[in-house]
Amino acid sequence: MRIRRILGLVLAAATLVGVSAVGAVSAGAASPPNISRDECTAAGGQVTARPYAGYTCAMPDGTTQTIT
C-alpha cells in the first residue's frame, strides 16, 4: 500500500512538471521575436510605421513583427 501511494505521488509530480513545461514553451512561442530593419528587408518584409507605436515589419506571409 505504501509503495502504491509513493508511486502515485511521483506520477502526480511528474504530470505537474510536464504541464508547467508545456505551458512555458507555448507562452514563449506565442509572441514572435523582435527583428531589425535590415533583417526585415532581407526576409522580404516591408517596414511600416504605426502611430504612437513605432515600426513593424509586415512579412510576405501576413505576419507582423516589432522592429527593435
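These remarks concern the structure in this document.

Conventions we followed
- Residues numbered from 1 in each chain as written.
- Predicted model: local features only at pLDDT ≥ 70, side-chain atom pairs only at ≥ 80, totals over all residues.
- Heavy atoms only, no water.
- Helix = DSSP H or I, 4+ residues; strand = E, 2+ residues; numbered from the N terminus.
- Buried < 20%, exposed > 50% of the residue type's maximum accessible area, 1.4 Å probe, protein only.
- Contact = heavy atoms within 4.5 Å.
- Areas by Shrake-Rupley, 256 points an atom, 1.4 Å probe, with all protein chains shown as cover.
- Pairing = 2+ DSSP bridges.
- Axes fitted to C-alpha atoms, helices over the stretch in contact; angles between N-to-C directions.
- Disulfide = S-S within 2.5 Å.

**Regarding the overall build of the protein chain**
In terms of helices and strands, the protein chain carries two helices and three strands. When the helices and strands of the protein chain are placed in sequence order, the string is α-α-β-β-β. The proportion of buried residues among the 68 residues of the protein chain is 12%. When contacts within the protein chain are restricted to residue pairs at least 6 apart in sequence, those whose partners lie at least 24 apart make up 26%. Within the structure as shown, the protein chain displays about 5,500 Å² of accessible surface, and the carbon and sulfur contribution to it stands at 65%.

**Description of the sheet that holds strand E3 (residues 64-66)**
Strands in a sheet are paired, the pairing made by backbone hydrogen bonds, and the direction either parallel or antiparallel. Spatial ordering of the open sheet is given by E1-E2-E3, a layout of three strands whose pairing is antiparallel. This sheet does not close on itself; its edge strands, each paired only once, are strand E1 (46-50) and E3. Mean inter-strand twist for the sheet, computed between neighbouring axes without regard to direction, equals 35 degrees. Examined bridge by bridge, E1 and strand E2 (residues 54-58) share five bridges and lie antiparallel to one another. Of the residues in E2, the one forming a bridge with Arg-50 is Gly-54.

**Regarding the state of the cysteines**
Evaluated as defined, the whole model comprises one disulfide. One disulfide bridge connects Cys-40 with Cys-57, the sulfur atoms lying 2.0 Å from each other. In this structure, the disulfide formed by Cys-40 and Cys-57 twists by about 85 degrees around the S-S bond and is classed as right-handed. Here Cys-40 is found in helix H2 (residues 37-42), whereas its partner Cys-57 is found in strand E2, with 17 residues between them in sequence. By relative accessible area, Cys-40 is classed as buried at 0%. The exposure class of Cys-57 is buried, given its relative accessible area of 0%.

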